[in-house]
Amino acid sequence: MIRQIQGLHHVTSMAADANENNAFFTHILGLRRVKKTVNFDAPEVYHLYYGDEVGTPGSVMTYFPFGDMPRGKRGIGEVGVTEFAVPPGALHYWEERLAAAGVTGMARETAFGEARLSFAGPDGDGFALVETAPRGRTPWTGEDIPEEVGILGFHGARFRLREAGATEELLGFMGYQKAGEDKGLTRFVIEGGNAADTIDIEALPGSAAARQGAGSVHHIAFAVEDRAAQLEVRQALMDTGYQVTPVIDRDYFWAIYFRTPGGVLFEVATNEPGFDRDEDTANLGTALKLPTRYEQYRSQIEDVLPELAG
Ligand code: ZN
């Protein structure tokens with residue numbers, strides 16, 4: 001078992017319209033856009049990052065808005081629900097705010113003793129707000145949302161899998177401990193983590209496989225402190241038989257990726273260097289930032305990217 005994983009780092013999903021995506025996460029959910037860059041493998045597509053004031057690992061939801069991409073189909077082998085933490089008592093505020101904004105798929109539920117509000121993102125993305133103690137986290141307050149109800153970062157994520165066993169074993173290896181079962185879900189929690197520390201697994205053996213598209217999670221990233229810890233994790237995973245990519249420089253963190261037995265793509269990302277490496281904290285997410293190798297194409301890239309309103 002390894003002990004370097006601290007919880008979630010970021011969740012990356014796919015979207016259709018960039019402006020709809022941007023408006024949803026900034027104006028409706030009240031997150032801060034902490035980086036406006038491009039998909040490093042497809043620079044004609046944005047990579048937009050939303051989180052708390054500085055994009056603390058464990059708070060960062062990221063998107064590739066592909067324009068006219070068709071919607072994905074929910075199913076097994078994917079992250080079915082991405083969960084954000086809100087302070088206790090905040091769900092009433094959110095129920096009214098999301099309803100007023102025309103958000104669909106809203107349902108109040110309870111799981112593992114926590115009150116939840118499920119809702120759909122602009123492309124049918126599966127989301128939930130979960131009432132949880134703040135644990136030292138503070139929301140971004142750049143929008144009109146009061147601090148006492150603001151989103152604190154991720155709570156965790158829910159995986160939908162055909163068969164849970166091999167993924168449960170992997171989570172155990174990554175330092176997660178089984179914390180209980182409720183309503184067909186098995187909860188895993190990382191001790192001493194960064195508060196974005198739960199993974200719930202829902203085994204649905206008879207269900208159809210998910211098909212990726214707009215509204216689908218592309219991958220889920222787990223946080224490690226630094227590059228040394230990341231190399232230790234990479235070696236331990238490879239020693240266990242996983243095929244792990246080399247370390248890739250993502251400008252704001254270093255990344256390794258591997259496909260898990262249940263079908264979900266995992267990343268392990270470093271907390272260093274962070275989103276303020278090329279912008280002041282006061283101006284995060286405002287200018288288009290390009291990796292060095294694309295700077296020479298800046299004007300062509302700016303020509304094809306849609307202008308973001310706000
Ligand atoms: Zn990633």
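These figures come from a predicted structure and were not determined experimentally.

Sorry if this is basic, but what is going on with empty space enclosed by the protein here?
Where empty space is left in the structure can be found by rolling a water-sized probe over the atoms. This model, assessed by the stated rule, comprises one cavity of 30 Å³ or more. One number sums up the size of the largest cavity: a volume of about 60 Å³. Around the largest cavity, the lining comprises 13 residues; the ones closest to its centre are Ser13, Asp125, Gly126, Gly215 and Val217. Those elements giving two or more residues to the lining of the largest cavity turn out to be strand E4 (60–65), strand E5 (78–86) and strand E8 (126–131).

How do you make sense of the side chain of Ser59 when you look at a structure like this?
One can find Ser59 in the loop between strand E3 (42–51) and E4. For Ser59, a relative accessible area of 4% translates into the label buried. Within polar-contact distance, the side chain of Ser59 engages the backbone nitrogen of Asp52 at 3.2 Å. In this structure the side chain of Ser59 is engaged in a polar contact, spanning 2.8 Å, whose partner is the backbone oxygen of Thr56. Among residues more than four places away in sequence, those in contact with Ser59 are His9, Tyr50, Gly51, Asp52, Gly153 and Phe154.

Mind showing me how you'd approach the layout of surface pockets here?
Its volume calculated, the largest pocket comes out at about 220 Å³. Forming the walls of the largest pocket are 16 residues, and the residues nearest its centre are His47, Phe64, His219, Arg250 and Tyr257. For the lining of the largest pocket, the secondary-structure elements that each account for two or more residues are strand E1 (8–15), strand E2 (32–39), E3, strand E13 (217–224), strand E15 (253–259) and strand E16 (265–273). There is about 190 Å³ of room inside the second largest pocket.

Explain the nonpolar core here, please?
Nonpolar side chains tend to gather and get buried jointly when the protein is soluble and globular. By size, the foremost hydrophobic cluster in this structure holds 68 residues, and its most contacted members are Ile5, Phe25, Trp94, Leu129, Ile199, Ile220 and Phe266. Once residues within four sequence positions are removed from consideration, Phe266 is found in contact with Phe159, Leu170, Leu171, Met174, Ile220, Phe222, Ile256, Tyr257, Phe258 and Thr260. Counting residues in hydrophobic clusters, the runner-up holds 12 residues, among them Ala221, Ala269, Phe275 and Leu284.

How should I be thinking about helix H1 (residues 18–28) in this particular structure?
Since the α-helix packs 3.6 residues into each turn, any two residues three or four apart lie on the same face. By the burial criterion, the buried members of H1 are Ala18, Asn21, Asn22, Phe24, Phe25, Thr26 and Ile28. In this structure Asp17 caps H1, since a side-chain oxygen of it lies 3.2 Å from the backbone nitrogen of Asn19.

Even after reading the chapter, I still don't get the coordination of the zinc ion, so can you show me in this structure?
Bound to the zinc ion are the protein donor atoms His10 (NE2), His219 (NE2) and Glu267 (OE), situated 1.9 to 2.0 Å from the metal. Within one chain, the residues serving as donors to the zinc ion are arranged as H-x208-H-x47-E. One end of the pair, His10, is in strand E1; the other, Glu267, is in strand E16, and 257 residues separate them in sequence. Its relative accessible area of 2% is what places His10 among the buried residues.

Got a minute to help me understand the packing of aromatic side chains in this structure?
When we look at a pair of aromatic rings, we describe it by the centre distance and by the angle of the planes. Under the defined criterion, the tally for this structure stands at 19 aromatic pairs. On the numbers, 6.4 Å between centres and 70° between planes, the contact of Tyr49 with Tyr252 is edge-to-face. Of this pair, Tyr49 sits in strand E3 while Tyr252 is found in the loop between strand E14 (248–249) and E15, placing the two residues 203 residues apart along the sequence. There is no split in this pair, since Tyr49 and Tyr252 are both buried. Taking 4.7 Å as the distance between ring centres and 50° as the angle between the ring planes, the aromatic pair formed by Phe222 and Phe266 counts as tilted. A residue pair is termed long-range when its members are at least 10 positions apart, and Phe222 in strand E13 and Phe266 in strand E16 qualify at 44 residues. Phe222 gets classed as buried once you look at its relative accessible area, which sits at 0%. Through successive ring pairs, a cluster of aromatic residues spans Phe24, Phe25, Tyr50, Tyr63, Phe84, Phe119, Phe127 and Phe154. Over the aromatic face of Trp254 sits the side chain of Arg227, whose NZ or CZ is 3.5 Å from the ring centroid.

So, how was this worked out
- Residues numbered from 1 in each chain as written.
- Predicted model: local features only at pLDDT ≥ 70, side-chain atom pairs only at ≥ 80, totals over all residues.
- Heavy atoms only, no water.
- 1 Å grid on protein atoms, 1.4 Å probe; cavity = no way out; pocket = protein on both sides within 12 Å on 5 of 7 lines; lining within 4 Å.
- Points joined across faces, edges and corners; volume = space filled by probe spheres on them.
- Helix = DSSP H or I, 4+ residues; strand = E, 2+ residues; numbered from the N terminus.
- Buried < 20%, exposed > 50% of the residue type's maximum accessible area, 1.4 Å probe, protein only.
- Polar contact = N/O pair within 3.5 Å; in protein donor to acceptor, adjacent residues only side chain to side chain.
- Contact = heavy atoms within 4.5 Å.
- Core = buried A, V, L, I, M, F, W, Y, C linked by side-chain atoms within 4.5 Å.
- Donors = N, O, S within 2.8 Å, 3.2 Å for Na, K, Ca; no water.
- Phe/Tyr/Trp six-rings, centres within 6.5 Å; stacked < 30°, edge-to-face > 60°.
- Lys NZ or Arg CZ within 6 Å of the ring centre and 35° of its normal.

Worth remembering: the numbers are spatial, not functional.
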